[in-house]
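Now for the letters of each chain:
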Amino acid sequence: ELNERFRRAKASLTYHNGFIQFAMDVQIEMQIAKPFWDLVADPIWKNVDIDMKEALDRRDSNGKDPAIFAAKALESAIKIVSDTKGWTRGTEKGAAHYVDNLVSAANGSYLLAWEGDMLKDYFRKVRNSLGHGPGLEPMPQLTLPQTDWAIEAAMSWVRSLIRRM
């Protein structure tokens, strides 16, 4: 009901799982954010919920590296799926190895190879570039539209992973 009141008042706000956040795009809210929040309300996804809230709070307050927290939420979801399905071997060293568990033909190809490639690219291009020190290179920084995309893409992937369970 609160979200409906925000919408009628033309307030760019939304309420999900205890937090009020900025809502810039009605379509994104209806097609990605609302289904995402509905799904991660289940206690098994609590770490996904926590990290995504942190991503949005950092974005909304112009904080440092909100996309890192969106990537953490996505990585947690991938690990939860792998663990829940019994595919985790204990030898995984990072997100890419967990994605391999989901792509594995031996595990029924939960994801197709091209989907796994897209997920790995997300971690390579978004998380890794922001999460590792740049050395002598300029400090990497995403623009607001890139940050929004990184958050929305992570939400969309999480939503897709959960719906497949």
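Scroll up to find the structure.
A.B. asks: Could you clarify how one ought to interpret the environment of Glu152 in this entry?
C.D. replies: If you trace the backbone, Glu152 turns up in helix H7 (residues 144–164). Taking C-alpha positions, Glu152 is 7.1 Å from Ile32, a pair spaced 120 residues apart along the chain. Beyond its immediate chain neighbours, meaning those up to four positions away, Glu152 contacts Ile28 and Ile32.

A.B. asks: What is the right way to look at the pattern of salt bridges in this model?
C.D. replies: Note on pairing: side chains with opposite charge can pair once their charged atoms come close. Scanning the model with the defined rule gives 13 salt bridges in all. Between Glu54 and Arg58 there is a salt bridge, with its nearest N and O atoms 2.7 Å apart. In this pair, Glu54 and Arg58 both sit in helix H3 (residues 46–60), four residues apart, roughly one turn of the helix. Judged by relative accessible area, Arg58 falls into the partly exposed class, the value being 25%. Here the salt bridges do not stand alone but share partners, grouping Arg59, Asp60 and Asp148 into one network.

A.B. asks: Can you walk me through the nonpolar core in this structure?
C.D. replies: Core analysis: the biggest nonpolar cluster contains 42 residues, and Val48, Met52, Leu74, Ile78, Tyr122 and Leu161 have the highest contact counts within it. Mapped onto this core, the elements with two or more residues apiece are helix H2 (26–40), H3, helix H4 (66–85), helix H5 (95–103), helix H6 (113–131) and H7. With 11 residues, H4 is the largest single contributor of residues to this core. Not counting the four nearest positions on each side in its chain, Ile78 is found in contact with Tyr98, Val99, Leu102, Leu119, Phe123 and Leu161.

A.B. asks: Help me understand the side chain of Ser76 in this model?
C.D. replies: Inspection of the secondary structure assignment puts Ser76 in helix H4. What Ser76 contacts, discounting residues up to four positions off in sequence, is Asn47, Val48 and Asp51.

A.B. asks: Could you clarify how one ought to interpret the layout of surface pockets in this entry?
C.D. replies: Where empty space is left in the structure can be found by rolling a water-sized probe over the atoms. When its volume is computed, the second largest pocket comes out at roughly 260 Å³. Lining the second largest pocket are 16 residues, with Gly63, Asp65, Pro66, Gln141 and Leu142 positioned closest to its centre. For the lining of the second largest pocket, the secondary structure elements donating two or more residues are H3, H4 and H7. Class assignment for the residues of the lining of the second largest pocket results in seven nonpolar, five polar and four charged.

Cut-off values and rules
- Residues numbered from 1 in each chain as written.
- Predicted model: local features only at pLDDT ≥ 70, side-chain atom pairs only at ≥ 80, totals over all residues.
- Heavy atoms only, no water.
- Helix = DSSP H or I, 4+ residues; strand = E, 2+ residues; numbered from the N terminus.
- Contact = heavy atoms within 4.5 Å.
- Salt bridge = Lys/Arg side-chain N within 4 Å of Asp/Glu carboxyl O.
- Buried < 20%, exposed > 50% of the residue type's maximum accessible area, 1.4 Å probe, protein only.
- Core = buried A, V, L, I, M, F, W, Y, C linked by side-chain atoms within 4.5 Å.
- 1 Å grid on protein atoms, 1.4 Å probe; cavity = no way out; pocket = protein on both sides within 12 Å on 5 of 7 lines; lining within 4 Å.
- Points joined across faces, edges and corners; volume = space filled by probe spheres on them.
- Nonpolar A, V, L, I, M, F, W, Y, C, P; charged D, E, K, R; others polar.

Keep in mind that these numbers describe shape and distance, not what the molecule does.
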